[in-house]
Amino acid sequence: MNGKMDKFMEIGGRIGAQRHLAAIRDGFVIIMPLMILGSMVTLINNLPIEAYQNFMEMIFGGDAWKQFGGAVWTGTFAIVSLLIAFTISYQLARSYDKDGLSAGVVSFASLLAITTPIAEGSGLPLVWAGSQGLFIAIIVALVSTEIFTRLLGNKRLVMKMPPSVPTAVAKSFAALFPAMIAISIFGLIKVFTLVAGMPDIHQAFFDALQEPVSKLANTPGSAIVLALIIHVLWFFGLHGGNVMEPVMQAVYLPAIEANIKAFEAGLEIPYIVTKPFFDAFMYLGGTGATLGLIIAVFIAGRRHKHYRNISGLSAGPSLFNINEPILFGFPIVLNPLLIIPFILTPVVLVIFSYVMIATGIVPKTVNLIPWTTPPVIGGFLATGSWKGAVLAAVNLIISVVIYLPFVKIAERIEVKKLQEELALQDEADARHQQNGSSIQDGPILQPEEKTLISSRK
């Protein structure tokens with residue numbers, strides 16, 4: 001068993017160290033503070049406590065107070081695709097020992113080059129600047145940086161400057177022709193898509209994702225498929241909930257409306273799978289039931305410093321199903337290790353919840369609930385029964401159990417990484433003592449990290 005675990009850790013470590021995946025991971029980590037801030041103001045605006053909402057409206061004479069959260073959200077979540085195009089490109093270029101700042105600027109410009117404005121000649125569409133445009137932004141960042149860094153090393157494209165020219169100016173002119181070529185390529189892509197009858201690349205991609213599932217019926221099979229699609233999309237950086245929201249509204253909102261009418265008339269409640277079914281029993285802490293992941297980290301992953309810190313910061317928002325700090329902070333997006341439980345958990349919860357309701361153990365949902373309703377409480381409100389709360393609590397336990405082994409693997413990979421860094425540090429110290437040099441090679445570990453390694457030996 002340990003041999004298989006070590007093999008899995010080795011494979012996971014190699015995949016995680018892959019240059020492009022590492023750049024995506026580190027790019028999301030850079031914008032983590034903005035994601036946490038955006039989550040906090042979203043919670044402030046949507047806290048599902050009527051007394052709180054009434055109190056704020058009384059103080060400000062209406063809902064003008066929500067403009068604060070809206071303005072901060074515009075500067076964080078609403079432009080996440082623009083930010084990530086820069087940060088991923090920066091990290092990828094640095095991995096090649098190239099100019100990360102110039103690469104980030106080129107990536108940002110390339111993304112804008114293929115983006116269709118909201119009005120002719122001007123107007124940036126925030127809908128694609130946010131999470132719905134993440135997939136396109138990631139692709140542009142990776143491709144533009146590969147083009148730029150390869151051209152940057154071509155001596156034929158370097159504009160030679162006199163020695164008297166400042167270094168910063170010479171550096172910018174060295175990137176001139178590579179930047180022009182990279183951005184022009186994406187400009188040509190925009191022309192080709194227009195000729196092909198695709199005026200908006202983002203919208204065309206969005207529509208292509210929605211069309212295959214737009215005819216789903218209200219069945220347990222469709223619920224499983226929808227849960228699977230939403231979470232697979234999130235793995236690639238797409239906001240699965242937003243992408244599938246038209247399907248959710250078209251298929252499952254009428255179902256809960258029919259349930260409510262039947263409940264009020266004293267008739268048999270017809271539907272099991274409804275919109276509150278997902279909100280109360282699958283989205284426990286947000287997409288992927290990530291409240292279970294946070295609990296699993298607190299139980300078995302406390303030695304993973306990064307996971308522990310992100311979990312502590314994200315615990316509050318996750319109680320209200322706001323989990324972008326987890327998705328982008330761990331990150332789960334394009335994380336080959338965490339994608340397995342992230343997709344598996346919702347599917348298991350959908351199947352288990354359906355069986356519990358179909359067998360009559362738990363009542364069917366008869367109430368619409370706000371998406372920010374905390375787990376367990378949401379189960380009670382959606383069904384009007386304590387049995388719904390118990391089902392949500394059991395689902396939360398199931399999610400913790402599924403996430404636990406993967407958290408343990410992630411912790412072991414982190415510890416192994418720290419051990420290797422400690423070995424490099426010790427080797428550098430030995431060379432320093434032997435040669436009497438003041439130069440130290442290798443990463444410098446903090447005292448807390450050294451204590452961690454010692455405790456695991």
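For the structure, see preceding data.
Reading the values: rules and limits
- Residues numbered from 1 in each chain as written.
- Predicted model: local features only at pLDDT ≥ 70, side-chain atom pairs only at ≥ 80, totals over all residues.
- Heavy atoms only, no water.
- Helix = DSSP H or I, 4+ residues; strand = E, 2+ residues; numbered from the N terminus.
- Buried < 20%, exposed > 50% of the residue type's maximum accessible area, 1.4 Å probe, protein only.
- Salt bridge = Lys/Arg side-chain N within 4 Å of Asp/Glu carboxyl O.
- Patch = residues over 30% accessible without salt bridge, like charges linked within 9 Å, V, L, I, M, F, W, Y side chains within 5 Å.
- Areas by Shrake-Rupley, 256 points an atom, 1.4 Å probe, with all protein chains shown as cover.
- Axes fitted to C-alpha atoms, helices over the stretch in contact; angles between N-to-C directions.
- Parallel < 35°, antiparallel > 145°, perpendicular 65-115°, else oblique.
- Left-handed = near helix turned anticlockwise from the far one by under 90°.
- Contact = heavy atoms within 4.5 Å.
- Nonpolar A, V, L, I, M, F, W, Y, C, P; charged D, E, K, R; others polar.

Remarks on unusual backbone geometry
- Backbone geometry places aspartate 97, a non-glycine residue, at a positive phi of 60 degrees.
- By the secondary structure assignment, aspartate 97 is in the loop between α6 (80-95) and α7 (100-114).
- Residue asparagine 321 is not a glycine yet carries a positive backbone phi of 65 degrees.
- Structurally, asparagine 321 is set in the loop between α18 (305-318) and α19 (324-329).
- A relative accessible area of 9% means that asparagine 321 is categorised as buried.

Remarks on the pattern of salt bridges
- Going through the model one piece at a time under the given rule, you end up with two salt bridges.
- Linking aspartate 279 and lysine 275 is a salt bridge whose minimum nitrogen-to-oxygen distance equals 3.6 Å. Within this pair, aspartate 279 and its partner lysine 275 are both found in helix α16 (residues 275-281), separated by four residues, close to a single helical turn. Accessibility classification places aspartate 279 together with lysine 275 in one group, the buried group.

So, a nonpolar patch on the surface
- Taken together, the side chains of Phe173, Leu176, Phe177, Met180, Ile181, Ile185 and Ile189 present a nonpolar region at the surface, about 510 Å² in accessible area.
- Broken down by element, the nonpolar patch gets its largest block of residues, six residues, from helix α11 (residues 176-195).
- Among the residues examined, leucine 176 registers a relative accessible area of 31% and is labelled partly exposed.

Re the packing of α6 against helix α9 (residues 134-152)
- Axis separation between α6 and α9 bottoms out at 8 Å; the angle between their running directions is 30 degrees. With respect to their mutual orientation, α6 and α9 come out roughly parallel. For the element pair α6 and α9, the recorded crossing hand is right-handed. Facing α6, whose interface residues are Val80, Ser81, Ile84, Ala85, Ile88, Ser89, Leu92 and Ala93, α9 presents Leu134, Ala137, Ile138, Ala141, Leu142, Thr145, Glu146 and Thr149.
- Its residues assigned to classes, the contact of α6 with α9 comprises eleven nonpolar, four polar and one charged.

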